[in-house]
Amino acid sequence: MSDGAQMESWLSAFETALSRNDISAVLTMFHPDCYWRDLLAFTWNIKTMEGLPAIKDMLEATLARTKPHSWKITSSVEQQATSQSADITFESETGPCKSRITLVDGRCFTILSALDDIRGHEEPRKAARPKGLAHKADRNRRTWSEERARESARLGFEEQPYVLVIGGGQGGIALGARLRQLGVPTLIIEKNARAGDSWRNRYRSLVLHDPVWYDHLPYLEFPENWPVFTPKDKLGDWLEAYAKIFELQMWHSTTCDKASYDTKTGAWEVHVTRDGEPLVLRPKQLVFATGAYGPPREMDFPGNETFDGTLMHSSAYQSGSDFSGKTCVVIGSASSAHDVCVDLWEAGADVTMLQRSPSVVVRSETLMELGFDIYSEDAVARGLDVEAADMLGASTPYALFADQQRELYKDIQTQDAGFYQRLAAAGFAFDFGEDGSGLMMKALRTASGYYIDVGASELIADGEIKVISGGDVVALTPEGLRLSSGQEVPAQVIIACTGYQSMNESVAGIVSRGAADAIGPCWGLGSGVSGDPGPWQGELRNMWKPTAVDALWFHGGNLALSRFYSRFLALQLKARMEGVATPVYAAPEPLQRGL
């Protein structure tokens, strides 16, 4: 039997068993060590079922109402040594869906199922795009600009948004574009004066560490001459232009002060301050899109008040120009710490990095070569666009992703052995994660402790940036820092790159401590490594899916995650607005009772 024929035969039998609601027959078609990752299609959740019992439970709860049918192979069947994979489409009771299936020895090893649209409430795109005008005379005609001005004047006053998004960075803007296309009245509030300022206001030398092919926003890709690594001000300008192009309703210079949910009306009461004026909004859904993190971690070093120099958290750092010729200590050794060290060095400061624990470091060139094969110019030339690449990446369950990454980092260590020897000789402590799975798994598990080298490592290896490794700060002194080793480190400037709290801590400050505790931390997989305690989740905690607090959502991450998952969050919000049934399988329970 040819590879394509085997997949066709399996898919036909699979559809027949599903149509008969014969779950026992379905399970015989799965490998004993199997994974089903679902993005809304069956579960109205983002959920991975691992093993036959978990898949059985999910199908028993969802199959009758999902009614999947019309399964079709839409790609060539990719043949590996013992496996075949193919892209699939199917229909459900809710709408069209996409899938990717991998068979091992003729049985399903992994399946991804993802809702693509809501029938009857589809995005008006391609042939269904709006006409933009009516070809008739009308004395009451309102032009596009007049209609836009009217909408802006009414939203938040005469008309309430269905969705309020707190945060107008890349996450809020990407989600806003998705919701706009779906016809969901949405208001984005942003504390800065302009869209894109969340990037413009960061330190002057910042450049994205991910490549352009990985960073596209929904609907509108970067131009073909866009630089591989985007400078932060250029990205800020792009986000501002993007928000205008997609007609997003944004209130700038606006802070969210407090919010409470009224279970009787099913709406939030949100107190905001816009240009100094207090206002109240009453959205049905509230989305926190305040970045990948919550508030900065407090710099609670003993003796803070005695230090005679400049002390700041990296979130407040913008430029090293004021610190030329000064003795600077940067606490931390992850991405921000490396970037700040370089910026200070370029400004002519004397720079020491205080490294409290090992970090994962990988050269940008090597990561681009070995780790971004589906997001590259070569991938585009092979016909793999960003949407297809996103689905391909999403089809790998997180339980298997760590194994793939371990193999990648074995190759990286071999290829760049000399690079790592030089770093070690300079006293820099590095590792590849507790289980050797490298940078991406650290990002997903703890959102900390890694750096893609775009120049700092060379300065460290050459001794231009000095490193003190393995010492904790015991106290600050008038002249600098005292370490647990007893060493006194002189400093006129201390930049604490000590990270951020979880996103749920933003909820604590705006909604309540009880709400934040009921939701629990965001990000992390429950892998059991340091900073990512168990139990195993199989998916990222609380991101882009229902939380333990009704009508409260989180959206965030890098540009790629914001692009991909904004679609699924937008579909969930659209369904609720339109009254489409959204029974959530494995709905989250509050981590602490008494909310």
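Residues numbered from 1 in each chain as written. Predicted model: local features only at pLDDT ≥ 70, side-chain atom pairs only at ≥ 80, totals over all residues. Heavy atoms only, no water.

Colleague: Looking at this structure, I do not really get the overall build of the protein chain. What am I missing?
Modeller: When you go through the protein chain residue by residue, the secondary structure sums to 18 helices and 25 strands. Taken along its principal axes, the extent of the C-alpha atoms in the protein chain is 75 × 70 × 55 Å. Going through the 595 residues of the protein chain one by one, you find that 51% of them count as buried. Put simply, 64% of the contacts in the protein chain that link residues at least 6 apart link residues at least 24 apart. In the protein chain, which carries 57 positive and 77 negative side-chain charges, the distance between the mean positions of the two groups comes to 7 Å. (Helix = DSSP H or I, 4+ residues; strand = E, 2+ residues; numbered from the N terminus. Buried < 20%, exposed > 50% of the residue type's maximum accessible area, 1.4 Å probe, protein only. Contact = heavy atoms within 4.5 Å. Lys, Arg positive; Asp, Glu negative; His and termini not counted. Charge placed at Lys NZ, Arg CZ, Asp CG, Glu CD.)

Colleague: Please explain the layout of surface pockets as it appears in this structure.
Modeller: The probe, sized like a water molecule, is rolled over the atoms to show the empty space still left. Estimates place the volume of the second largest pocket at around 1,500 Å³. Lining the second largest pocket are 41 residues, with Pro124, Arg125, Gln181, Tyr219 and Phe246 positioned closest to its centre. If you list the elements that add at least two residues to the lining of the second largest pocket, you get β7 (107-115), α4 (144-154), α5 (170-181), α11 (386-394) and α18 (559-578). Broken down by class, the residue content of the lining of the second largest pocket amounts to 16 nonpolar, three polar and 22 charged. (1 Å grid on protein atoms, 1.4 Å probe; cavity = no way out; pocket = protein on both sides within 12 Å on 5 of 7 lines; lining within 4 Å. Points joined across faces, edges and corners; volume = space filled by probe spheres on them. Nonpolar A, V, L, I, M, F, W, Y, C, P; charged D, E, K, R; others polar.)

Colleague: What is the right way to read unusual backbone geometry from this model?
Modeller: Both trends apply: most residues other than glycine have a negative phi, and most peptide bonds are in trans. The omega torsion of the bond from Gly534 to Pro535 falls at 5°, within 30 degrees of zero and hence cis. Residue placement: Pro535 occurs in the loop between α17 (513-519) and β25 (552-554). Residue Leu40 is not a glycine yet carries a positive backbone phi of 80°. Within the element layout of this structure, Leu40 appears in the loop between β1 (30-39) and β2 (46-50). In the Ramachandran plot, Trp44 falls in the positive-phi region, its phi being about 45° despite a non-glycine side chain.

Colleague: Help me understand the pattern of salt bridges, please; the structure alone is not making it clear to me.
Modeller: Two side chains with opposite charge may pair up if their charged atoms get near one another. Under the criterion given, the structure shown has 40 salt bridges. A salt bridge links Arg200 to Asp197; its shortest N-O distance comes to 2.8 Å. With Arg200 and Asp197 both in helix α6 (residues 197-200) and three residues apart, this pair spans about one turn of that helix. By the burial criterion, Arg200 is buried, and Asp197 matches it. When salt bridges that share partners are traced, they join Asp116, Asp117, Glu123, Arg125 and Arg567 into one network. (Salt bridge = Lys/Arg side-chain N within 4 Å of Asp/Glu carboxyl O.)

Colleague: How should I be thinking about the sheet that holds strand β22 (residues 480-483) in this particular structure?
Modeller: Neighbouring strands of a sheet are bound in pairs by backbone hydrogen bonds; such pairs are parallel or else antiparallel. Taken in spatial order, the three strands line up as β21-β22-β23 in an open sheet, and their pairing is antiparallel. The open sheet has two free edges, formed respectively by β21 (473-477) and β23 (488-490), since each of these has just one partner strand. The sheet shows a mean angle of 25° between the axes of neighbouring strands, taken without regard to direction. Across three bridges, the pairing between β22 and β23 is antiparallel. By the bridge assignment, Gly480 is partnered in β23 with Pro490. (Pairing = 2+ DSSP bridges. Axes fitted to C-alpha atoms, helices over the stretch in contact; angles between N-to-C directions.)

Colleague: Where do I start with the nonpolar core in this structure?
Modeller: In a soluble, globular protein the nonpolar side chains are often hidden away together inside. Ranked by internal contacts, the top residues of the largest apolar core, which has 164 residues, are Phe14, Trp36 and Leu344. Take this core: its biggest share by element is eleven residues, from α18. Residues within four places of Trp36 in sequence aside, it is in contact with Phe14, Phe30, Phe42, Lys47, Thr48, Met49, Ile55, Met58, Leu59, Ile111 and Ser113. Phe301, Val329, Leu354 and Ile468 belong to the second-largest nonpolar core, a separate cluster that totals 14 residues. (Core = buried A, V, L, I, M, F, W, Y, C linked by side-chain atoms within 4.5 Å.)

Colleague: Which parts of the structure should I look at to understand the environment of Leu344?
Modeller: Tracing the backbone through its elements, the reader meets Leu344 in helix α8 (residues 335-346). In this structure, the C-alpha to C-alpha distance between Leu344 and Phe323, residues 21 residues apart in sequence, is 7.2 Å. Here Leu344 is in contact with Tyr317, Gly320, Phe323, Cys328, Val330, Ala349, Val351 and Ile495, once residues within four sequence places are set aside.

Colleague: Before we go on, may I ask you to explain the packing of aromatic side chains in this structure?
Modeller: Where two aromatic rings form a pair, the distance of their centres and the angle of their planes describe that pair. With the rule as written, the count across this model stands at 32 aromatic pairs. Here Phe222 and Trp226 contribute two aromatic rings whose centre-to-centre distance is 4.9 Å and whose plane-to-plane angle is 25°, an arrangement assigned as stacked. As far as the burial class goes, Phe222 and Trp226 line up, both buried. Where Trp523 meets Trp544, the ring centres are 5.7 Å apart and the plane angle is 90°; that geometry is what we call edge-to-face. Of this pair, Trp523 sits in the loop between α17 and β25 while Trp544 sits in the loop between α17 and β25, and the two are 21 residues apart along the sequence. Accessibility expressed as a relative area gives 9% for Trp523, which makes it buried. (Phe/Tyr/Trp six-rings, centres within 6.5 Å; stacked < 30°, edge-to-face > 60°.)

Colleague: Looking at this structure, I do not really get the sheet that holds strand β12 (residues 267-274). What am I missing?
Modeller: Overall, antiparallel pairing links the three strands, which are arranged β11-β12-β13 in an open sheet. Whereas interior strands pair on both sides, the edge strands pair on one side only; in this sheet they are β11 (254-262) and β13 (277-281). Sheet twist, expressed as the average angle between the axes of neighbouring strands with direction ignored, equals 15°. Inspection of the sheet shows β11 paired to β12 by eight bridges, in the antiparallel sense. Opposite Thr255, over in β12, you have Thr273 as the bridge partner.

Colleague: What should I look at first to understand helix α3 (residues 52-66) in this one?
Modeller: Every α-helix winds through 3.6 residues per turn, so residues three or four apart in the chain are directed the same way. Where α3 bends most, the angle comes to about 40°, and this point is Glu60. All of the buried residues along α3 are Ile55, Met58, Leu59, Thr62, Leu63 and Thr66. Among the residues trailing α3, Lys67 stands out with phi positive, at a value near 50°. (Bend = angle between axes of the 7 residues up to and from the residue.)

Colleague: I would appreciate a short explanation of the state of the cysteines in the present structure.
Modeller: Disulfide: a covalent bond connecting the sulfur atoms of a pair of cysteines. Under the defined criterion, the tally for this structure stands at zero disulfides. Not part of a disulfide, Cys34 finds its nearest cysteine sulfur in Cys108, a span of 7.1 Å. You can see Cys328 has no disulfide; the closest cysteine sulfur is in Cys341, sitting 9.1 Å from it. Judged by relative accessible area, Cys328 falls into the buried class, the value being 0%. (Disulfide = S-S within 2.5 Å.)

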